[in-house]
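Descriptive structure summary
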Amino acid sequence: HQDDVGYSLLMHAVMSLQEDVVLKLLQLGVDANLVCHEVQGGAPSMTALALLTSICSQQAPPFLVQLLQHTQRVDVRDDWGDTFFLWACRWGHTEAVRCAIQVCDHDTLGIHDHIQGKQSALELAVIGRHRDIVHAILSTWTREGRYPDARRVGAYVGINILKHAVDCEWPD
């Protein structure tokens, strides 16, 4: 069930950072994939995982891994077109990014996606100067594997990311 704003009990527990309540709800089988209802003036379309990422500081709460393990809908886009993973990369939630890379399918996460008019996970991490996240994302690339947006390999990997790094004045 969801309240009149669109939040479930799990979402309220997550936003209050009530670890014991979150873990108990997950143990009882509460649906972590539920998305906030689109209520006029209500909550944005987000899962509990996305809400957690949008409110926590760089230090992710201990229950993040369990929440990730119970959430298959990591690709839900909110009203701004962002996913939980993009929020994590934007705001420097290093632990959330590392856990997601370990627990979730990379294609579902959209690690290598680049949507027209939006910044990619890597671009957000570079702009935010979140070096650990940049390294975590780059560690998912292989010579034989997928490149981010294979149609724009040169522009995406070379020019765009380099431009953001220069704009951010990274010394190295």
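You'll find the structure just up there.
Thresholds, definitions, all that
Residues numbered from 1 in each chain as written. Predicted model: local features only at pLDDT ≥ 70, side-chain atom pairs only at ≥ 80, totals over all residues. Heavy atoms only, no water. Salt bridge = Lys/Arg side-chain N within 4 Å of Asp/Glu carboxyl O. Buried < 20%, exposed > 50% of the residue type's maximum accessible area, 1.4 Å probe, protein only. Helix = DSSP H or I, 4+ residues; strand = E, 2+ residues; numbered from the N terminus. Phe/Tyr/Trp six-rings, centres within 6.5 Å; stacked < 30°, edge-to-face > 60°. Lys NZ or Arg CZ within 6 Å of the ring centre and 35° of its normal. Core = buried A, V, L, I, M, F, W, Y, C linked by side-chain atoms within 4.5 Å. Contact = heavy atoms within 4.5 Å. Polar contact = N/O pair within 3.5 Å; in protein donor to acceptor, adjacent residues only side chain to side chain. Axes fitted to C-alpha atoms, helices over the stretch in contact; angles between N-to-C directions. Parallel < 35°, antiparallel > 145°, perpendicular 65-115°, else oblique. Left-handed = near helix turned anticlockwise from the far one by under 90°. Nonpolar A, V, L, I, M, F, W, Y, C, P; charged D, E, K, R; others polar.

**Quick word on the pattern of salt bridges**
By the definition in use, this model includes two salt bridges. We note a salt bridge from Asp-82 to Arg-90, for which the minimum N-O separation is 3.0 Å. What makes Asp-82 buried here is its relative accessible area of 5%. Residue Arg-90 is classed as partly exposed on the basis of its relative accessible area, which comes to 24%. Where Arg-98 meets Asp-132, a salt bridge forms, and the shortest distance between an N and an O atom there is 3.8 Å. In this pair, Arg-98 is assigned in helix α6 (residues 94-103) and Asp-132 in helix α9 (residues 131-138), connecting sequence segments 34 residues apart. Since its relative accessible area comes to 43%, Asp-132 is described here as partly exposed.

**Details of the packing of aromatic side chains**
One pass over the structure, following the stated rule, counts two aromatic pairs. Measuring from ring centre to ring centre gives 6.4 Å for Phe-84 and Phe-85, while their planes differ by 70 degrees; the resulting arrangement is edge-to-face. For the pair Trp-87 and Trp-91, a centre-to-centre distance of 4.2 Å together with 40 degrees between the ring planes defines the contact as tilted. Taken as a pair, Trp-87 and Trp-91 lie in helix α5 (residues 84-91) at a separation of four residues, close to a single helical turn. Classification of Trp-87 by relative accessible area gives buried; the value is 10%. Exposure remark for Trp-91: the relative accessible area of 36% places this residue in the partly exposed category. Its guanidinium or amino end placed over the ring of Trp-87, Arg-90 lies 4.8 Å from that ring's centre, counting from NZ or CZ.

**Let's talk about the nonpolar core**
Counting residues in each nonpolar core, the largest one holds 46 residues, and the members touching the most others are Leu-10, Leu-67, Leu-68, Phe-84, Phe-85 and Ile-137. Within the residue set of this core, elements represented by two or more residues are α1 (9-15), α2 (19-27), α3 (48-55), α4 (64-70), α5, α6, α8 (121-127) and α9. Per-element tally for this core: the top contributor is α5, with six residues. When neighbours within four sequence positions are excluded, Leu-67 is seen to be in contact with Leu-10, Val-14, Leu-26, Ala-32, Ala-48, Leu-49 and Leu-52.

**Quick notes on the side chain of Asn-33**
By secondary structure assignment, the location of Asn-33 is in the loop between α2 and α3. Judged by relative accessible area, Asn-33 falls into the buried class, the value being 12%. Polar contacts involving the side chain of Asn-33 include one to the main-chain amide nitrogen of Gln-72, which spans 2.6 Å. Within the structure, Asn-33 has its side chain in polar contact with the backbone nitrogen of Arg-73 (distance 2.9 Å). Ignoring any residue separated from it by four or fewer positions in sequence, one finds Asn-33 in contact with Thr-47, His-70, Thr-71, Gln-72 and Arg-73.

**Section: the packing of α5 against α6**
Two numbers describe how α5 lies on α6: the axes approach to 8 Å, and their chain directions differ by 140 degrees. Relative to α6, the element α5 is oriented oblique. Read as a crossing pair, α5 and α6 show a hand that is left-handed. Mapping the contact onto sequence places Phe-84, Phe-85, Ala-88 and Cys-89 in α5 and Ala-96, Val-97, Ala-100 and Ile-101 in α6. Considering only residue class, the contact of α5 with α6 consists of eight nonpolar, no polar and no charged.

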